[in-house]
Amino acid sequence: IGNAAADNGVYLRNDETSEIYIVDSALRDAVAELNPNDYITKFICIANITEISDLTVKLVDKEYVMQPGDEEGKAYKINGEEVSKEYFKDKYQSVLSLVFRERDDLMFSGEPYAAITYHYNDGRAVTTRFYEYDERNFVAVRNDGSTVKLSGNEISKIEKLFVE
């Protein structure tokens, strides 16, 4: 959506075809009020359980490796110990449900407080590292270098997952 055009219109370009149209300026006004953050998923990372070979959660000096089972009888495991499907999926869903507050280019330094790595069946690995940002927040740094801010409560939720 671009500059003003004749008859109270604005220019609109189709990104796929590069065609340019003139539309009513009310469209621009309506879109201007939208916040893109309201329309994007706020999950840190979504990985289908059937597509991963394992998930590693590192918290300061502890590491937890989660290996999903399957319908053919492969056991669900956490740190090499067999666990029930329900127990495993409850923890897996909690890791998946990490959400961020806002996207931004945030500054961070030091060693990561935590890291979550999804190892996919096709050999890919996707890691998100979490750095302390301030007293109440963390910065999540994704594989592509993008950063998002999340509440410290999200990290506390993951820490509590593995405390028995």
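Look up: the structure comes first, before these words.
Since the structure is predicted, the reported quantities are computational estimates derived from the model, not experimental observations.

(A) Quick peek at the pattern of salt bridges. In the structure shown here, the tally under the stated rule is five salt bridges. One salt bridge connects Asp 15 with Arg 13, and the closest N-O pair in it is separated by 2.8 Å. Relative accessible area serves as the criterion here: at 61%, Asp 15 is assigned to the exposed category. A salt bridge links Asp 122 to Arg 124; its shortest N-O distance comes to 3.0 Å.

(B) Looking closely at the environment of Lys 62. When you line up the elements, Lys 62 lands in strand S5 (residues 62–67). The exposure class of Lys 62 is partly exposed, given its relative accessible area of 48%. For Lys 62 and Glu 102, which are 40 residues apart along the polypeptide, the C-alpha to C-alpha distance reads 28 Å.

(C) Region of interest: the packing of aromatic side chains. Within the structure shown, the criterion is met by four aromatic pairs. Seen from their ring centres, Tyr 113 and Phe 138 are 5.3 Å apart, and the 55 degrees between their planes marks the pair as tilted. Taken together, the residues Tyr 113 in the loop between strand S8 (102–103) and strand S9 (114–120) and Phe 138 in strand S11 (residues 137–141) connect sequence positions 25 residues apart. Note on Tyr 113: relative accessible area 23%, which makes it partly exposed. A connected cluster of aromatic rings, assembled from ring pairs, spans Tyr 76, Phe 88 and Tyr 92.

(D) Spatial organisation of the nonpolar core. Formed by 31 residues in total, the largest nonpolar core has its most connected members in Ile 44, Leu 55, Val 57, Tyr 92, Tyr 118 and Phe 130. Among the secondary structure elements, those contributing two or more residues to this core are strand S4 (52–59), S5, strand S6 (76–78), helix H2 (85–96), S9, S11, strand S12 (147–151) and helix H3 (152–161). The residues contacting Tyr 92, other than those within four sequence positions of it, are Ala 47, Asn 48, Ile 49, Ile 52, Leu 55, Met 66 and Tyr 118.

(E) Fine view of the sheet that holds strand S10 (residues 125–132). Across the sheet, which stays open at both edges, the nine strands sit in the order S7-S6-S5-S4-S9-S10-S11-S12-S8 with antiparallel pairing between neighbours. The sheet is open, and its two borders are formed by strand S7 (81–83) and S8, each paired with just one other strand. Note: S10 against S11, four bridges, orientation antiparallel. Bridge pairing in S11 places Arg 129 opposite Val 141. Against the sheet, H2 engages S4, S5, S6, S7 and S9, with an angle of about 60 degrees to S6. Sheet strands touched by H3: S4, S10, S11 and S12. Its angle to S12, the strand with the most contacts, is close to 75 degrees.

The rules behind these values
- Residues numbered from 1 in each chain as written.
- Predicted model: local features only at pLDDT ≥ 70, side-chain atom pairs only at ≥ 80, totals over all residues.
- Heavy atoms only, no water.
- Salt bridge = Lys/Arg side-chain N within 4 Å of Asp/Glu carboxyl O.
- Buried < 20%, exposed > 50% of the residue type's maximum accessible area, 1.4 Å probe, protein only.
- Helix = DSSP H or I, 4+ residues; strand = E, 2+ residues; numbered from the N terminus.
- Phe/Tyr/Trp six-rings, centres within 6.5 Å; stacked < 30°, edge-to-face > 60°.
- Core = buried A, V, L, I, M, F, W, Y, C linked by side-chain atoms within 4.5 Å.
- Contact = heavy atoms within 4.5 Å.
- Pairing = 2+ DSSP bridges.
- Axes fitted to C-alpha atoms, helices over the stretch in contact; angles between N-to-C directions.

Purely spatial values, then, with no claim about function.
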